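What follows is each chain in one-letter form.
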Amino acid sequence: IKPLQQSKLDLELQIKELNNAAQNIEKKLYPSINEKLFFDSKDLILEIEKNENDLREKSKSLEQLNVQIKGQENLNKDIANFILKGAEIIDKNQESTCPLCNFEYTTFVELSQRVANNNLLSELLSSLLKQRTDIEVQIDSILELLKVNIEKLTNLLNKNIAEKTGILSKLSINITDI
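Per chain, residue numbering runs from 1 following the sequence as it is written. Predicted model: local features are reported for residues with pLDDT of at least 70 only, side-chain atom pairs are reported and counted for 80 or more only, and whole-chain, interface and lining totals are derived from all residues. Calculated side-chain values reflect all of the structure's heavy atoms, with hydrogen atoms and water omitted.

The next subject is the packing of aromatic side chains. For Phe, Tyr and Trp, where Trp contributes only its six-membered ring, two rings pair if their centres lie within 6.5 Å, and the inter-plane angle classes them as stacked under 30 degrees, edge-to-face over 60, or tilted in between. Following the criterion strictly, the structure yields one aromatic pair and no others. Ring plane angle 70 degrees and centroid distance 4.8 Å describe the contact between Phe103 and Tyr105, whose orientation is recorded as edge-to-face. The rule is simple: take the accessible area with a 1.4 Å probe, protein chains only, and divide by the maximum for that residue type; under 20% is buried, over 50% is exposed, in between is partly exposed. Its relative accessible area of 47% is what places Phe103 among the partly exposed residues.

Given below as structure tokens:
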């Protein structure tokens, strides 16, 4: 009877550990891959940890990119005001020399068109916005993958709990019958 009671205690402890692990997953605390009880979940746990790291890196990149975008938007505003003032001076003087850089254009009209069509800054901002969209798509993909992997791990733990609970019930009946 002693070995059966010890087996029962071992099973109860394993079920308790599995339940704790399942509850900790909600807190983003994952089981240790070094524990014998979770060895068959090793690949899944490592994949979840990789997803979490990827998510942190992409979120950090997104944060930095948002700072760049904000700075570029502010710079664009300042330069747009500067170009507007330059255009006013050009229109007022009607000369072919740029008052901003002293470059000599063939005509006043050419200079006016060059100033009016300056889109270098908006192209840079567009590029930054595209990068941001790409990172946001990557983050969404990682979040979906993380959700699926966490669900798989939770299901695996719950399956193990159910199996061990079934074994425990049979073992308890056998102990009572003895």
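Continuing now.
Secondary structure elements are taken from DSSP: a helix is a run of H or I of four residues or more, a strand is a run of E of two residues or more, and numbering for both begins at the N terminus. Tracing the sequence through the fold places Lys42 in helix 2 (residues 42–93). Overall, Lys42 belongs to the partly exposed group, its relative accessible area being 30%.

The next point concerns the pattern of salt bridges. Salt bridge, as applied in this entry: a Lys or Arg side-chain nitrogen positioned within 4 Å of an Asp or Glu carboxyl oxygen. What the rule picks out here adds up to three salt bridges. Residues Glu52 and Lys28 are paired through a salt bridge, measuring 3.8 Å at the closest nitrogen-oxygen approach. Remark: Lys28 occurs in the loop between helix 1 (2–25) and helix 2 and Glu52 occurs in helix 2; sequence separation between them is 24 residues. A salt bridge links Asp134 to Lys130, with the shortest nitrogen-to-oxygen separation between them at 3.1 Å. Taken together, the residues span about one helical turn, with Asp134 and Lys130 both in helix 4 (residues 120–177) at a distance of four residues.

Bringing the state of the cysteines into the picture now. When the sulfur atoms of two cysteines come within 2.5 Å, that pair is taken as a disulfide. Applying the stated criterion across every chain, the model contains zero disulfides. Cysteine Cys98 is unpaired, with the sulfur of Cys101 as its nearest cysteine sulfur at 3.6 Å. Taking the relative accessible area as the measure of exposure, Cys98 reaches 5% and is therefore buried.

Whenever a helix is involved, its axis is fitted only over the stretch in contact; in every case the axis is a line through C-alpha atoms, and angles between N-to-C directions fall within 0 to 180 degrees. Where helix 2 contacts helix 3 (residues 108–116), the axes come no closer than 10 Å and their chain directions differ by 165 degrees. What the angle tells us is that helix 2 and helix 3 run roughly antiparallel. In terms of crossing hand, the pair formed by helix 2 and helix 3 is left-handed. The residues of helix 3 that touch helix 2, namely those facing Ile83, Ala87, Ile90 and Asp91, are Phe108, Leu111, Ser112 and Val115. Note on angle classes: values under 35 degrees are labelled roughly parallel, values over 145 roughly antiparallel, values of 65 to 115 roughly perpendicular, and the remainder oblique. Note: crossing handedness is left-handed where the near helix turns anticlockwise from the far helix by less than a right angle, and right-handed where it turns clockwise. Contact between two residues is taken to exist if any of their heavy atoms lie within 4.5 Å; hydrogens are not considered.

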